[in-house]
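An overview of the molecular structure
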Amino acid sequence: MKIIVDAMGGDNAPQAIVQGALDAAKGLGVNVLLVGRTEEILRAVEACGEKTLPAGVEIHNATQVVEIADDPAFAFKQKKDSSLTVGLNLLRDGAGDAFVSAGSTGALLSGATLVAKRIRGIRRAAMAPQVPCLDGHFVLCDCGANAECTAEYLLQFAYLGSFYAKRMMGIENPRVALLNIGAEEEKGDALRHEAYAVLKAAGEAGRVNFTGNIEATDAMLGGADVVVADGFTGNVMLKSMEGTAKFLSKELKKLFLSGTKTKLAALLVKNDLDDFKKLMDPSEIGGTPFLGISKPVIKAHGSSDARAIYNAVRQARNFAASGFIQDIEANIEYMKVTTSSEKA
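Residues numbered from 1 in each chain as written. Predicted model: local features only at pLDDT ≥ 70, side-chain atom pairs only at ≥ 80, totals over all residues. Heavy atoms only, no water.

As a further point, take the state of the cysteines. Tallying each qualifying case throughout the model produces 0 disulfides. Here Cys-141 stays free of any disulfide, with the sulfur of Cys-143 as its closest cysteine sulfur at 8.4 Å. Cys-141 gets classed as buried once you look at its relative accessible area, which sits at 0%. (Disulfide = S-S within 2.5 Å. Buried < 20%, exposed > 50% of the residue type's maximum accessible area, 1.4 Å probe, protein only.)

Quick look at the sheet that holds strand 9 (residues 209–214) now. Ordered in space as 6-7-10-8-9, the 5 strands form an open sheet in which the pairing is mixed. Edge strands, defined here as strands with exactly one partner in the open sheet, are strand 6 (130–133) and strand 9. Each neighbouring strand pair of the sheet contributes to a mean axis angle of 30°, computed without reference to strand direction. Of the strand pairs in this sheet, strand 6 and strand 7 (residues 136–141) are connected by 4 bridges, and their pairing is antiparallel. Residue pairing in the sheet places Cys-133 in a bridge with Gly-136 of strand 7. Sheet contacts for helix 7 (residues 190–204): strand 8 (175–179) and strand 9; angle to strand 9, the most-contacted strand, approximately 155°. (Pairing = 2+ DSSP bridges. Helix = DSSP H or I, 4+ residues; strand = E, 2+ residues; numbered from the N terminus. Axes fitted to C-alpha atoms, helices over the stretch in contact; angles between N-to-C directions. Contact = heavy atoms within 4.5 Å.)

Turning our eyes to something else, we now look at the packing of helix 1 (residues 15–28) against helix 2 (residues 38–47). Close contact between helix 1 and helix 2 brings their axes to 9 Å; oriented N to C, the two are set at 65°. The interaxial crossing formed by helix 1 with helix 2 has right-handed handedness. Residues Gln-15, Val-18 and Leu-22 of helix 1 touch helix 2, and the partners they reach there are Ile-41, Ala-44, Val-45 and Ala-47. By residue class, the composition of the contact of helix 1 with helix 2 is 6 nonpolar, 1 polar and no charged. (Left-handed = near helix turned anticlockwise from the far one by under 90°. Nonpolar A, V, L, I, M, F, W, Y, C, P; charged D, E, K, R; others polar.)

Moving on, we get to helix 13 (residues 324–331). By the burial criterion, the buried members of helix 13 are Phe-324, Ile-325, Asp-327, Ile-328 and Asn-331. Projected onto a plane normal to the axis of helix 13, the buried residues spread over an arc of 155° and lie on a single side. Each element contacted by the buried residues of helix 13 is listed here: helix 6 (151–169), strand 11 (288–291) and helix 12 (306–321). (Arc of directions from axis to C-beta.)

Each strand in a sheet pairs with another by means of backbone hydrogen bonds, the pair being arranged parallel or else antiparallel. Read across the open sheet, the 7 strands follow the order 3-2-1-4-12-11-5; overall the sheet is mixed. At either margin of the open sheet sits one strand with a lone partner, and together these are strand 3 (57–61) and strand 5 (126–127). Where strand 11 meets strand 12 (residues 297–299), 2 bridges bridge the pair, whose relative direction is antiparallel. Each bridged residue has a counterpart across the sheet, and for Pro-289 the counterpart in strand 12 is Ile-298. On top of the sheet, helix 1 reaches strand 1 (2–6), strand 2 (31–36) and strand 3; it is set at about 165° to strand 2, its chief contact. Contacting strand 1, strand 4 (98–101), strand 11 and strand 12, helix 12 crosses the sheet at an angle of about 155° to strand 4.

Secondary-structure assignment places Asp-327 in helix 13. When its relative accessible area of 14% is taken as the criterion, Asp-327 is described as buried. Here the side chain of Asp-327 touches Arg-167 through a polar contact of 2.6 Å, side chain to side chain. Discounting chain neighbours no more than four positions away, the residues touching Asp-327 are Phe-163 and Arg-167. (Polar contact = N/O pair within 3.5 Å; in protein donor to acceptor, adjacent residues only side chain to side chain.)

Written out as structure tokens, the structure reads:
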């Protein structure tokens, strides 16, 4: 297994990226191909305590970097020798089994769609993070790649999320729910009504385990394994959760440091607080896959540290070996919505 890593993408590149990649090569037993400016990568390798490239680690030179200020829709085209563009070309050409980048989300999604290509029949690729909830995690699909959707997109997101939950999370029959403003079938706007109808039909056909609408509150309480949403709604939900987690963390810290008694209490529950912090830390998952792309592409958080990159490489390895893409290719005929004009 060889994982291609964008060494120049992210706020902490290249040092944190290189450190995480080196740790992954050593700890996960994978080969790593670092893409970026060779001299800068070698300096980062040396700063990690390595005089030469460790076994299983290679460098592929790329002279340009996609910056956060670059137009994401055109950056990968305008900078043809960027680490992001070169890395995706290497993935397309079979030089590696998966690609990991902490760079621009928009540029990575555009590049993955146009270089690696979507699976034939998939209308839009979706971002599908594993989100912590009361009894584990659920898959949120989509969380920001597609602000405007059709019912067919949401149907495909349901399949994508369901197969991902089965292959990557070990859930045999994932519960799939549609994110809405109420649990009743008649709730929501026209898109939610249309999506509910096609998801219900897929459920009745035994293709997905559709359980109906779900509110964000119930999703956080473990009411579904896959939550289907358009990218706008999903992103608002995800960002609200992240903000709430940070708010609670700051308030708890303030509470425990408010006096002698609370400081003693903090010592008693320190391990439990560390576990809670770990649960809410996105670096423990490592990254978000672009589901629907014909090759495994993992988007790591822009602020990823070495630990996050290590976990992103681990996720890329597992995703590449999971059989997920083959599942989608084998079931694509069930993931289409035929309009009345097409039927005629």
